[in-house]
Amino acid sequence: MGERIFITGGAGYIGTVMIPMLLEAGHSVTVLDRFGEGDTVLAPCCRYDGFTPIKGDARDEALVKSLVAKADVIMPLAALVGAPICKIDPMNATTINRDAVVMLTKLASKNQKIVFATTNSGYGVGEKDKFCTEETPLNPISLYGTTKCEAEAAILNSGNGVTLRLATVFGMSPRMRIDLLVNDFTHRAVTDRTAVIFEGHFKRNYIHIRDVAKAFIHAMGNYASMNNNAYNVGLSSANLSKLELCARIQKIVPGFVYLEAPVGEDPDKRDYIVSNDKIEATGWSPDWPLERGIQELIKGYTMIRNRRFSNV
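About the criteria used
- Residues numbered from 1 in each chain as written.
- Predicted model: local features only at pLDDT ≥ 70, side-chain atom pairs only at ≥ 80, totals over all residues.
- Heavy atoms only, no water.
- Helix = DSSP H or I, 4+ residues; strand = E, 2+ residues; numbered from the N terminus.
- Buried < 20%, exposed > 50% of the residue type's maximum accessible area, 1.4 Å probe, protein only.
- Contact = heavy atoms within 4.5 Å.
- Areas by Shrake-Rupley, 256 points an atom, 1.4 Å probe, with all protein chains shown as cover.
- Lys, Arg positive; Asp, Glu negative; His and termini not counted.
- Charge placed at Lys NZ, Arg CZ, Asp CG, Glu CD.
- Pairing = 2+ DSSP bridges.
- Expected span 1.5 Å × (residues − 1).
- Bend = angle between axes of the 7 residues up to and from the residue.
- Core = buried A, V, L, I, M, F, W, Y, C linked by side-chain atoms within 4.5 Å.
- Axes fitted to C-alpha atoms, helices over the stretch in contact; angles between N-to-C directions.
- Salt bridge = Lys/Arg side-chain N within 4 Å of Asp/Glu carboxyl O.
- Phe/Tyr/Trp six-rings, centres within 6.5 Å; stacked < 30°, edge-to-face > 60°.
- Lys NZ or Arg CZ within 6 Å of the ring centre and 35° of its normal.

A look at the overall build of the protein
In step 1: The helix and strand tally for the protein stands at eleven helices and 14 strands.
In step 2: Going through the 312 residues of the protein one by one, you find that 53% of them count as buried.
In step 3: Within the protein, counting contacts between residues at least 6 apart in sequence, those at least 24 apart form 81% of the total.
In step 4: For the protein, the exposed surface amounts to about 13700 Å²; the carbon and sulfur share of it is 54%.
In step 5: With 35 positive and 34 negative side-chain charges, the protein shows a spacing of 2 Å between the two charge centroids.

Shown next as structure tokens:
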């Protein structure tokens, strides 16, 4: 029997990949999104009887309350994602990323499942050569990281919810984002053939978008044992510095030339490596190594030749 799933912000980068997977698996999916004018990213889902798009705002309490009441599973995806866009629009960042999620925790009952996408941006700057685990104190260094950490705390304090601390996501999506690091560097390799790197020693973890969807589905199916916990979700084989990432891309795009700038700095100061042992111990494992995702992106960038696919 399929479950009734309610997703806020489902027409974004992650939702447009995950929702077809959920519908194909036999679940019913109701999506609340503002659906930008002319946005048809979920149009192929209309063939499923179980697909219900609702045009509206995730902060509309009366509307959200009516939709929560019909759901078995709640997946809050609505967010302003990334430090740059949150810095530009702090009010909406706070009310969407944090306040709308706090509201959901109050509207949901204990017999409903909540699976929430947060971020390992909350680790900020980690200790050199020391893996961040779910027990590592959170130290966000941006409004984005702060609002997501506060939303996660609200869910975990409610005693009902699984939170997934996503590594930097990469891969093709109907609602593409080229500003994400792997997507960005691969785009530069394919189109410009060059990249100038600031503070190339900064490290992060990475995860393919389809493995993110797989983690949501895994948490939904193993909810009883995973409930009331946070889980890092990333590729254990891809805790890489920016220069190491460029070297991986260069192996696939041999003409790619990258240089580290001797002066200047990256405004994004995140620098950490992450352990994914906890979620792997539950039986989840990724299907998309970094190289496979880079090859997928190269195909996509044969069709995409502009930078309009970003959050800022």
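A short note on the pairing of strand E1 (residues 4–8)
Successive side chains on a regular strand alternate, one facing one side of the sheet and the next facing the other.
In step 1: When you tally the buried positions in E1, you get four out of five residues, the bulk of the element.
In step 2: Sheet topology note: the E1/strand E2 (residues 28–33) ladder contains five bridges and is parallel. Its bridge partner lying in E2, Thr8 is registered against Leu32.
In step 3: Two strands pair when backbone bridges link them, and E1 and strand E4 (residues 73–76) are joined in this way by four bridges, in the parallel orientation. Residue pairing in the sheet places Phe6 in a bridge with Ile74 of E4.

A closer look at helix H4 (residues 90–107)
In step 1: Taking 1.5 Å per residue, 18 residues should reach 26 Å; H4 reaches 25 Å between its end C-alpha atoms and fits that length.
In step 2: Maximum bend of H4: about 30°, positioned at Asp99.
In step 3: For H4, every residue scored as buried is listed here: Asn92, Ala93, Thr94, Ile96, Asn97, Ala100, Val101, Met103, Leu104 and Thr105.
In step 4: Here the buried face of H4 lies against E1, helix H2 (61–68), E4, helix H3 (83–88), strand E5 (113–119) and helix H5 (143–158).

Examining the environment of Ser225
In step 1: Mapped onto the secondary structure, Ser225 falls in helix H8 (residues 223–226).
In step 2: C-alpha separation for the pair Ser225 and Thr282, spaced 57 residues apart in sequence, amounts to 8.5 Å.

Some details on the nonpolar core
For soluble globular proteins, nonpolar side chains are generally found buried alongside one another.
In step 1: By size, the foremost hydrophobic cluster in this structure holds 84 residues, and its most contacted members are Met75 and Leu164.
In step 2: Broken down by element, the residue count for this core peaks at seven residues, all from helix H7 (residues 209–221).
In step 3: Setting aside residues no more than four positions away along its own chain, Leu164 makes contact with Val115, Phe116, Ala117, Thr118, Thr119, Ala215, Phe216, Tyr231, Val233 and Ile279.
In step 4: Membership of the second largest hydrophobic core comes to eight residues, among which are Ala78, Leu80, Ile85 and Cys86.

Things to note about the sheet that holds strand E3 (residues 51–55)
In step 1: Spatially, E3-E2-E1-E4-E5-E7-E11 is the arrangement adopted by the seven strands of the open sheet, whose pairing is parallel. At either end of the open sheet lies a strand with only one pairing partner, and these are E3 and strand E11 (229–233). Between one strand and the next, the sheet's axes are offset by a mean angle of 20°, whatever the strand orientation.
In step 2: Note that strand E7 (residues 162–166) and E11 share five bridges and pair parallel. Paired with Val162 across the strands is Asn229, a residue of E11.
In step 3: Sitting on the sheet, H5 is in contact with E5, E7 and E11, with an inclination near 155° to E5.

What about unusual backbone geometry?
In step 1: With phi around 65°, Asp129 is a residue other than glycine that occupies positive phi space.
In step 2: Tracing the chain through its elements places Asp129 in the loop between E5 and strand E6 (131–132).
In step 3: Residues other than glycine seldom take positive phi values, yet Asn228 does so here, at roughly 65°.
In step 4: Here Asn228 shows up in the loop between H8 and E11.
In step 5: Asn228 sits in the partly exposed class, given a relative accessible area of 35%.

Section: the pattern of salt bridges
In step 1: In the structure shown here, the tally under the stated rule is 13 salt bridges.
In step 2: Among the ionic contacts, a cluster of salt bridges with common partners joins Arg34, Asp57 and Arg59.

Section: the packing of aromatic side chains
In step 1: For the structure on display, the rule yields two aromatic pairs.
In step 2: With a centroid separation of 6.3 Å and an interplanar angle of 75°, the aromatic rings of Tyr123 and Tyr272 are classed as edge-to-face. One end of the pair, Tyr123, is in the loop between E5 and E6; the other, Tyr272, is in the loop between strand E13 (257–260) and strand E14 (273–274), and 149 residues separate them in sequence.
In step 3: Where Phe256 meets Tyr258, the ring centres are 5.7 Å apart and the plane angle is 40°; that geometry is what we call tilted.
In step 4: The cationic tip of Lys278 hangs over the ring face of Tyr231; the distance from NZ or CZ to the ring centre is 4.8 Å.
In step 5: Directly above the ring of Trp288 sits Arg292, whose terminal nitrogen or CZ lies 3.6 Å from the centroid.

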